Amino acid sequence: DALPISAKVEEFVQERRRVEFRKQLERRKDSSLRRRGKAAEEAEGGDPDEEKWKDYIRAPAKPTNFQVHGIFDAGTARRRVLGCRISLSAQAAQMIGRHCFCHIFDDDDAPPTKWNEDPFLACFYSCFCIIVTVFVLWVVLITSAILKHTT
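Residue positions are given per chain, counted from 1 along the sequence in the order it is written. Two thresholds apply to this predicted model, a pLDDT of at least 70 for residue-level local features and 80 or more for giving and counting side-chain atom pairs, whereas whole-chain, interface and lining totals are computed over all residues. Processing note: side-chain calculations cover all non-hydrogen atoms of the structure and skip hydrogens and water entirely.

## Some words on the overall build of the protein
Only DSSP runs of H or I with at least four residues qualify as helices, and only runs of E with at least two residues qualify as strands; both kinds are numbered from the N terminus onward. Helices and strands together make up the secondary structure of the protein, namely four helices and two strands. When its helices and strands are written in sequence order, the protein yields α-α-β-β-α-α. Throughout, exposure labels follow a simple rule: accessible area from a 1.4 Å probe, protein chains only, divided by the maximum for the residue type, with under 20% read as buried, over 50% as exposed, and the rest as partly exposed. Per-residue burial over the protein gives 11% buried out of 151 residues. Residues are treated as being in contact if the distance between any of their heavy atoms lies within 4.5 Å. For the protein, the proportion of contacts with a sequence separation of at least 24, taken over those separated by at least 6, is 49%. For the protein, the computed accessible surface area is about 12,900 Å², with 61% contributed by carbon and sulfur atoms. Residue burial considers only the protein chains on display, and all accessible areas are found by Shrake-Rupley using a 1.4 Å probe.

## Notes on a nonpolar patch on the surface
Candidate patch residues must exceed 30% relative accessible area and have no salt bridge, after which like charges are joined if within 9 Å and Val, Leu, Ile, Met, Phe, Trp or Tyr side chains if within 5 Å. Throughout this description, the term salt bridge denotes a Lys or Arg side-chain nitrogen within 4 Å of a carboxyl oxygen of Asp or Glu. A grouping of F128, V132, F135, V136, W138, V139, V140, I142 and I146 is seen on the molecular surface, where their side chains present a nonpolar patch of about 820 Å² in accessible area. Relative to the elements of secondary structure, I142 occurs in helix α4 (residues 119–150). The class of I142 is partly exposed, set by a relative accessible area of 36%.

## Focus on the pattern of salt bridges
This model, assessed by the stated rule, comprises one salt bridge. The residue E15 makes a salt bridge to R18 at a minimum N-O spacing of 3.0 Å. Pair noted here: E15 and R18 are both in helix α1 (residues 3–37), with a separation of three residues, about one helical turn. For R18, a relative accessible area of 39% puts it in the partly exposed group.

## A short note on the packing of aromatic side chains
Planes of paired rings set the category: under 30 degrees apart is stacked, over 60 is edge-to-face and the rest tilted, where pairs are Phe, Tyr or Trp rings (Trp by its six-membered ring) whose centres lie within 6.5 Å. Scanning the entire structure with this criterion turns up six aromatic pairs. Ring geometry for F21 versus W53: centroids 6.0 Å apart, planes at 45 degrees, classification tilted. Highlighted residues: F21 in helix α1 and W53 in helix α2 (residues 48–58), separated in sequence by 32 residues. For F21, a relative accessible area of 35% translates into the label partly exposed. Note on F120 and F124: the rings are 6.1 Å apart at their centroids and 20 degrees apart in plane angle, and the pair reads as stacked.

Here is the structure:
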């Protein structure tokens, strides 16, 4: 019976929607506080944060349309794995995907890191410089050994 998994997915999607609503509401409050500090003529052109809020509020909350098509044992004797073939709405699938694979999706709030502040690139370029230096040193030593040997 697929009722427990259906209830869990529905509960998860509802919780993610609540979290997203709180996040959007907090953004709106922050933007309205900033807007109060601006002069009226500066804000006359429209506020993009207010437009995002209106778009978010107008967007309907679509049902998950959760269906289980099959449950199967995908494991071995030592490793127990349960496989589920399910279908659900695109909005619910995106919410689950963003939660499960958050390293793939970009975070809208985080500013992009500059290339010179990325710790991976700093380590990569440092290792690359060391490897190039060792290679150049090796070539110099090999050529000097060959030149000594030939003369």
